[in-house]
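Analysis of the macromolecular model
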Amino acid sequence: MPEKFAICLLASEVEPLSKTGGLADVVGALTRYLQGAGHDVRLFSPAYDSIDRAACAAEPVARLTQIPLTVGARTYVCSVLRARLPQGAFTYLIDCPALYARGALYTSDPDEHVRFLVLTRAALTACRLLQFAPQIVHCHDWHTAFAPLYLRTLFANEPLFAGARTVLTIHNIGYQGIFSAAEVADVGLAPVAQRLLYQPDLAAGRINALRHGILYADTITTVSPTHAREICSDEYGMGLQDSLRTRAAQGAVSGILNGVDYGEWDPRRDRYLPLHYDPDTLDVKAQLKRRLMARRGLVTAPTVPLAGIVSRLAVQKGIDLMFDTVPRVLSARPWSFVVLGSGEPRYEQFFTDLERGFSGRVSYQRGYDDELAHWIEAASDLFLMPSRYEPCGLNQMYSLRYGTVPVVRRTGGLADSVEHYEPASGRGTGVVFDSFDPAALEWALNTALDLYALPTHWTRMVRNGMRCDFSWQHQGAQYVELYRRLTA
């Protein structure tokens, strides 16, 4: 029988209870995969006030109520709830209203770092009180990146953790959890252990949570093989490249492409769609396109290509490349565009102005709507992801399954999941461009529109993509193999 592991997962969000992006999707899906495969998994995440506790059947855990944790000069009282996830999985929620009843998952409050130091310490404390001895402690992003150092210091004498090996997964290196060195007492280390903090950062007046995970985790993963190489470079390392290069030289940095939850994202069974389709019934996709266009007030002919975007509107996503390119190509060629997302005001204003300037051809909805996101994936012909950097990305993999051709920049997980279509061979699943500049995006858009005008090639490219398999059965098994190597 395959070896089964005891695994402690720590994350700041988990779908469907709390979500701002792909981190929640990955953590939720990985938890369900591991629990479904028979591993003993305990996932810990905050009990934000936005979580519907009745809907997820959240209940207090005996022996895990009113746990005091002192951080700096303040003592917080935490309790632990056990909550239900889809497909029979569950999670533990750290309930501390003083920290998590903020009206948002993340804040710019001065104690933001404290919120997640408490999450990390409370999770490890809960393991001790539950007498749970994890073989693997797997932390995600900066929010829980102090866990490996805590296991070497605050919990060093705890027999339950004696055999634990640590994994840090970096989902987005652009967020590092930096706070002032004046708050060093909040980390909770004894003065003699503070030498383990990264001294050059301390001398510069800061503490970087993510860097300490990189320094002290037994292994570091990121969410695609290409991005694992990229983050060791000056261009993509975001100030952490020296630490990452050191760990990479030790063989401790690797990439595992994210998986897709095809129970949630599959046009053959999508719960948000009134009609379902597969590679042999693409006429149904065309019907959905007509319905979405009518719903969004788009008046172009159904035979005109429809492009979509579902995204955080942040500098990472390459929206800047669209400022001149998209209006120019809209003026030159017949196609329409539907956009869902929110973020930086300048990007929201761009799409607002684009909708006004191309009335009946462009639809923009600010914010996030899960149903509309599924409709855009299903009904669009193209999906634009011209990212400056993209650790993995999920929407391009959703698009492939839905027969929606991704137009992407060759970076991170986009490079690992989308193959540029070559008409001569009939191989490929999308349109891929290299340079981060408007001319390259314009070339990609025009290439996609040209291919759309060639039905034989377009249908072949669509069906190539729909045959791709990025399921957690494949990707989750790579994490299990990583755990096996760590504990061998």
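One structure accompanies this document, and this report is about it. Because the structure is a prediction, the values reported are computed rather than measured.

Concerning the sheet that holds strand S18 (residues 431–433)
- What the six strands build is an open sheet, ordered S15-S14-S13-S16-S17-S18; its pairing is parallel. Pairing within the sheet leaves two strands with one partner each, and these edge strands are strand S15 (362–366) and S18. Neighbour-to-neighbour, the strand axes of the sheet open up by a mean angle of 15 degrees, direction not taken into account.
- Sitting on the sheet, helix H11 (residues 345–357) touches strand S13 (306–313), strand S14 (336–343) and S15, and the angle it makes with S15 is about 145 degrees.

Details of the environment of Gly 28
- Here Gly 28 lies in helix H1 (residues 22–36).
- Residues Gly 28 and Phe 90 lie 62 residues apart in sequence; the distance between their C-alpha atoms is 9.5 Å.

Here's the deal with the packing of aromatic side chains
- One pass over the full model with this rule turns up 18 aromatic pairs.
- Their ring planes at 80 degrees and their centres at 6.3 Å tell us that Phe 5 and Tyr 483 sit as a pair that is edge-to-face. Of the two residues, Phe 5 sits in the segment before strand S1 (6–10) while Tyr 483 sits in helix H17 (residues 472–487), which places them 478 residues apart along the sequence. Across this residue pair, the class does not change: Phe 5 and Tyr 483 are buried.
- With 5.7 Å between their ring centres and 35 degrees between their planes, Phe 351 and Tyr 364 make a pair best called tilted.

Some remarks on the pattern of salt bridges
- In total, this model carries 28 salt bridges according to the counting rule given.
- The salt bridge partner of Asp 201 is Arg 211, with a shortest N-O separation of 2.9 Å. Here Arg 211 lies in helix H6 (residues 209–216) and Asp 201 lies in helix H5 (residues 199–203), a separation of 10 residues in the sequence. Here Asp 201 matches Arg 211 in class, with each residue buried.

Quick look at the environment of Ala 378
- Examined against the element boundaries, Ala 378 turns out to sit in helix H12 (residues 370–379).
- You can call Ala 378 buried: its relative accessible area is 0%.
- Residues Ala 378 and Thr 404, 26 residues apart in the sequence, show an inter-C-alpha distance of 7.0 Å.
- If we skip the residues at most four places from it in the chain, Ala 378 touches Leu 273, Tyr 277, Lys 285, Leu 288, Tyr 402 and Thr 404.

Here's the deal with the pairing of strand S11 (residues 219–222)
- Residues of S11 alternate between two faces, with Thr 219 and Thr 221 on one and Ile 220 and Thr 222 on the opposite face, all of them buried.
- In terms of strand pairing, strand S8 (residues 165–170) meets S11 through four bridges, oriented parallel. If you follow Thr 169 over to S11, its bridge partner there is Thr 221.
- Note: S11 against strand S12 (residues 253–255), three bridges, orientation parallel. Across the sheet, the residue bridging to Thr 222 is Gly 255, located in S12.

Some points on H11
- The end-to-end C-alpha distance of H11 is 18 Å, a good match for the 18 Å that 13 residues give at a rise of 1.5 Å each.
- The elements touched by buried residues of H11 are S13, helix H10 (322–332), S14 and S15.

Overview of the nonpolar core
- Counting 176 residues, the largest nonpolar core has Phe 146, Trp 335, Phe 337, Phe 351 and Tyr 483 as its most contacted members.
- Among the elements that take part in this core, helix H3 (residues 112–130) stands out by supplying 11 residues, more than any other.
- Setting aside residues no more than four positions away along its own chain, Tyr 483 makes contact with Phe 5, Ile 7, Leu 9, Leu 30, Leu 34, Ile 136, His 138 and Val 167.

Some remarks on unusual backbone geometry
- Cis peptide bonds are those with omega within 30 degrees of zero, and the linkage from Glu 15 to Pro 16 qualifies with 10 degrees.
- Along the chain, Pro 16 turns up in the loop between S1 and H1.
- The phi dihedral of Gln 87 falls on the positive side, at around 65 degrees, and the residue is not glycine.
- Tracing the backbone shows Gln 87 in the loop between strand S5 (74–84) and strand S6 (90–95).
- Here Gln 87 falls in the exposed class, since its relative accessible area comes to 63%.

A closer look at the packing of H10 against helix H15 (residues 438–452)
- The interhelical angle for the contact between H10 and H15, taken along N-to-C directions, is 30 degrees, at an axis separation of 9 Å. The orientation of H10 relative to H15 falls into the category roughly parallel. Every pair of crossing elements has a handedness; the one defined by H10 and H15 is right-handed. Where H10 abuts H15, its residues Met 322, Thr 325, Val 326, Arg 328 and Val 329 lie against Pro 438, Leu 441, Glu 442, Leu 445, Asn 446 and Leu 449.
- The residue makeup of the contact of H10 with H15, split by class, is seven nonpolar, two polar and two charged.

Reading the values: rules and limits
Residues numbered from 1 in each chain as written. Predicted model: local features only at pLDDT ≥ 70, side-chain atom pairs only at ≥ 80, totals over all residues. Heavy atoms only, no water. Pairing = 2+ DSSP bridges. Helix = DSSP H or I, 4+ residues; strand = E, 2+ residues; numbered from the N terminus. Axes fitted to C-alpha atoms, helices over the stretch in contact; angles between N-to-C directions. Contact = heavy atoms within 4.5 Å. Phe/Tyr/Trp six-rings, centres within 6.5 Å; stacked < 30°, edge-to-face > 60°. Buried < 20%, exposed > 50% of the residue type's maximum accessible area, 1.4 Å probe, protein only. Salt bridge = Lys/Arg side-chain N within 4 Å of Asp/Glu carboxyl O. Expected span 1.5 Å × (residues − 1). Core = buried A, V, L, I, M, F, W, Y, C linked by side-chain atoms within 4.5 Å. Parallel < 35°, antiparallel > 145°, perpendicular 65-115°, else oblique. Left-handed = near helix turned anticlockwise from the far one by under 90°. Nonpolar A, V, L, I, M, F, W, Y, C, P; charged D, E, K, R; others polar.

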